[in-house]
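What follows is each chain in one-letter form.
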Amino acid sequence: MGLYELFFATLEITLPVFAMVFIGLGLKRLGWIDQAFISTASSLVFKATMPTLIFLSIIRADLDTTLNPAMLAFFALATLGSFLLSWGWAILRVPYADRGVYVQGAFRGNCGIVGLALAAGMYGDYGLSAGGLLLGVVILTYNAFSVIVLATYQEGKSADWRSIASHIARNPLILAVVAAIPVAALELRLPGWAMTSGQYFASLTLPLALICIGATLSLGSIRASGSLAMGASLMKMITLPVIAILAAWLVGFEGRELGVLFLFFASPTAAAAFVMTKAMGGNAALSANIIALTTLMASVTITLGVFALKVIGWI
């Protein structure tokens, strides 16, 4: 396959995902969906359809193939490294009050929606099941690290570890992974009608979630992005994914494992970063700008990243 064909094959994977994001943006601007729809749909995805999608993808998977402890451990360590690198840079270059928001925006990716959607588009059931298992690590590390860095730079705020542990333990995505692993390990089979109905319900997840992401994008926020938002966005979308994937390749990851890792590390900043920033009393405008800017950049950086990794034969 020539470079021209390879590039357009890459677009076949990434364009459907980002097309749904921009459809969501268009529907919101046309007034066909409103904030009430976005809130309800986002809640439905988080509490029900995405856990169903993760559960079904894991129980259908071959755990001998998809449950890779080395991959989970590497992702956790690389996330810690990304967090510390972002924090070190922020200490050198970012005003004290905005350091926590900057660091969270630079390392916390939208793996649960964008990363999972791209993994599914590129690797099918393997991408969904491997990505679902990685989400357990994502939820644990992202929430803990975000609270630590935000609490460090907000007066009167401290890390409430009991609350964090409670939220993680009750997270529907974590519960879906915990429920699915024994079912898959014991090779239990649900009735055909239950699998079909569950698949219908789960199929709502990715298009609905991507439309909601697009509908929450603010072009005004993107235009208002200052140097801090741009700096965090470049670190999130270029610097950290390059370092993480180079490290993954050096320790021996390749093929679809390396591909899934790249898609997760290269995902734009998660919308949850804004929610946590606001709850902790941080600079919510800066957080919103980083989310909007990285989401807009992702359609270019992820496409080019996948293309480059295919050209050099790593995935």
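Residues numbered from 1 in each chain as written. Predicted model: local features only at pLDDT ≥ 70, side-chain atom pairs only at ≥ 80, totals over all residues. Heavy atoms only, no water.

(A) A look at the layout of surface pockets. Estimated volume of the second largest pocket: approximately 220 Å³. Taken together, Met237, Ile238, Pro241, Val242, Ile245, Leu246, Phe262, Thr301, Gly305, Ala308, Leu309 and Trp314 make up the lining of the second largest pocket. For the lining of the second largest pocket, the secondary structure elements donating two or more residues are α12 (227-250) and α15 (284-311). Considering every element that reaches the lining of the second largest pocket, the biggest residue donor is α12, with 6 residues. The class makeup of the residues in the lining of the second largest pocket is 10 nonpolar, 2 polar and no charged. (1 Å grid on protein atoms, 1.4 Å probe; cavity = no way out; pocket = protein on both sides within 12 Å on 5 of 7 lines; lining within 4 Å. Points joined across faces, edges and corners; volume = space filled by probe spheres on them. Helix = DSSP H or I, 4+ residues; strand = E, 2+ residues; numbered from the N terminus. Nonpolar A, V, L, I, M, F, W, Y, C, P; charged D, E, K, R; others polar.)

(B) Layout of the packing of helix α14 (residues 272-279) against α15. Where α14 meets α15, the axes come as close as 9 Å, and the angle between the chain directions of the two elements is 175°. By the angle between their directions, the pair α14 and α15 is classed as roughly antiparallel. Where α14 approaches α15, its residues Ala273, Phe274 and Thr277 are matched on the opposing element by Ala284, Ser287, Ala288 and Ile291. Here the contact of α14 with α15 is built from residues that sort into 5 nonpolar, 2 polar and no charged. (Axes fitted to C-alpha atoms, helices over the stretch in contact; angles between N-to-C directions. Parallel < 35°, antiparallel > 145°, perpendicular 65-115°, else oblique. Contact = heavy atoms within 4.5 Å.)

(C) Highlighting the pattern of salt bridges. Counted according to the given criterion, the structure contains 1 salt bridge. The closest approach of N and O atoms between arginine 60 and aspartate 125, which form a salt bridge, is 3.7 Å. Of this pair, arginine 60 sits in the loop between α2 (35-59) and α3 (63-66) while aspartate 125 sits in helix α6 (residues 111-152), and the two are 65 residues apart along the sequence. According to the relative accessible area criterion, aspartate 125 is partly exposed, its value standing at 47%. (Salt bridge = Lys/Arg side-chain N within 4 Å of Asp/Glu carboxyl O. Buried < 20%, exposed > 50% of the residue type's maximum accessible area, 1.4 Å probe, protein only.)

(D) Quick peek at α12. Counted at 1.5 Å a residue, the expected span for α12 with its 24 residues is 34 Å, and the 33 Å between its end C-alpha atoms agrees. Along α12, the helix axis deviates most sharply at methionine 235, where the bend reaches about 40°. If you check which residues of α12 are buried, you get Ala229, Ala232, Ser233, Met235, Lys236, Met237, Leu240, Pro241, Ala244, Ile245 and Ala248. Directly after α12, the chain includes glycine 252, whose backbone phi takes a positive value near 115°. (Expected span 1.5 Å × (residues − 1). Bend = angle between axes of the 7 residues up to and from the residue.)

(E) Representation of the environment of leucine 80. Following the sequence through the fold, leucine 80 ends up in helix α4 (residues 69-93). Through-space distance from the C-alpha of leucine 80 to that of phenylalanine 107 is 9.1 Å; in sequence the pair is 27 residues apart.

(F) Summary view of the nonpolar core. Counting 103 residues, the largest nonpolar core has Ile54, Phe75, Leu261 and Ile302 as its most contacted members. When residues in this core are grouped by element, the largest group, 24 residues, is from α6. Aside from chain neighbours lying at most four places away, what touches isoleucine 54 is Leu116, Gly132, Leu135, Leu173, Ala176 and Val177. (Core = buried A, V, L, I, M, F, W, Y, C linked by side-chain atoms within 4.5 Å.)

(G) Local environment of the state of the cysteines. Applying the stated rule across the entire model yields 0 disulfides. Looking at the unpaired cysteine 111, the closest cysteine sulfur is the one in cysteine 212, lying at 18 Å. (Disulfide = S-S within 2.5 Å.)

(H) Inspection of empty space enclosed by the protein at higher detail. As enumerated under the stated definition, the model contains 2 cavities of 30 Å³ or more in all. There is about 70 Å³ of room inside the largest cavity. Along its surface, the largest cavity is lined by Thr79, Ser82, Ala106, Phe107, Tyr142, Lys236, Leu240, Pro241, Phe264 and Phe265. At the level of elements, α4, α5 (99-107), α12 and α13 (255-265) are the ones that each hand at least two residues to the lining of the largest cavity. Take the lining of the largest cavity: its biggest share by element is 3 residues, from α12. Of the residues belonging to the lining of the largest cavity, the class tally is 7 nonpolar, 2 polar and 1 charged. Counted as a void, the second largest cavity has a volume near 30 Å³. Counting residues per element, the ones that place at least two in the lining of the second largest cavity are α4 and α6.

Coordinates in, geometry out; function isn't part of it.
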